[in-house]
Amino acid sequence: MNIALIAHDKKKDDLIRFVLAYQPIIEKHTLFATGTTGKRISEETGLSVHRFRSGPLGGDQEIGSYIANDKMDLVLFFRDPLTAQPHEPDVSALIRLCDVYSVPLATNMGTAEVLVKGLERGDIQWRGVKNERED
């Protein structure tokens, strides 16, 4: 599975702790992230992470492109709902694309935990079956 990891500035530490806690599950998949988030995850976990630009510089849109082209299977986006984001339209577009293309999306740690445990159980395997049928 291709997994996108995104976090607003005040949520980056939470995402890194989450990845460390679930590393045995997450490391079995291909990871993508926006700029600084990807750099920090890679440095602090040793995991290989494909890095896009930072969110405000187009990274959210790059991940959105992967979603629209059916190249992303799961998105963990730890959002900061209490801080205004200069690229909020990009954030909204990314969330909308997850809905349009039925890509599972977690915007907080509680939902991310449910998705990652489901990933471990194979609950999200329908994404792989869907992709095989379309190839």
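Check the entry above for the structure.
So, here is what we can say about the structure in this document. In this text the structure is predicted, and so the values were computed from the model without any measurement.

Criteria and thresholds
Residues numbered from 1 in each chain as written. Predicted model: local features only at pLDDT ≥ 70, side-chain atom pairs only at ≥ 80, totals over all residues. Heavy atoms only, no water. Salt bridge = Lys/Arg side-chain N within 4 Å of Asp/Glu carboxyl O. 1 Å grid on protein atoms, 1.4 Å probe; cavity = no way out; pocket = protein on both sides within 12 Å on 5 of 7 lines; lining within 4 Å. Points joined across faces, edges and corners; volume = space filled by probe spheres on them. Helix = DSSP H or I, 4+ residues; strand = E, 2+ residues; numbered from the N terminus. Nonpolar A, V, L, I, M, F, W, Y, C, P; charged D, E, K, R; others polar. Buried < 20%, exposed > 50% of the residue type's maximum accessible area, 1.4 Å probe, protein only. Pairing = 2+ DSSP bridges. Right-handed = clockwise from strand over helix to strand, strands pointing away.

## As for the pattern of salt bridges
Link 1 in the chain: Counted by the stated rule, this structure contains seven salt bridges.
Link 2 in the chain: Within the structure, one salt-bridge network assembled from shared partners comprises D13, R40 and E44.

## Things to note about the layout of surface pockets
A water-sized probe, rolled over the atoms, reveals where empty space remains.
Link 1 in the chain: Empty space within the largest pocket amounts to approximately 180 Å³.
Link 2 in the chain: As for the largest pocket, its lining consists of 16 residues, and the residues nearest its centre are A7, D9, K12, G55 and P56.
Link 3 in the chain: Going through the elements one at a time, β1 (2–7) and α3 (35–45) are the ones with two or more residues in the lining of the largest pocket.
Link 4 in the chain: By residue number, the principal contributor to the lining of the largest pocket is α3, which donates three residues.
Link 5 in the chain: Considering only residue class, the lining of the largest pocket consists of four nonpolar, nine polar and three charged.

## Some points on the pairing of strand β4 (residues 74–78)
Link 1 in the chain: With five of five residues buried, β4 is to be regarded as a mostly interior element.
Link 2 in the chain: Burial along β4 is two-sided: the face carrying L74, L76 and F78 and the face carrying V75 and F77 are both buried.
Link 3 in the chain: Across five bridges, β1 lies against β4 in parallel orientation. Residue pairing across strands places I6 opposite F77, the latter belonging to β4.
Link 4 in the chain: Alignment of β4 against strand β5 (residues 105–106), held across two bridges, turns out to be parallel. Each bridged residue has a counterpart across the sheet, and for L76 the counterpart in β5 is A106.
Link 5 in the chain: One crossover worth recording links β4 to the parallel β5 by way of helix α5 (residues 88–100), and it is right-handed.

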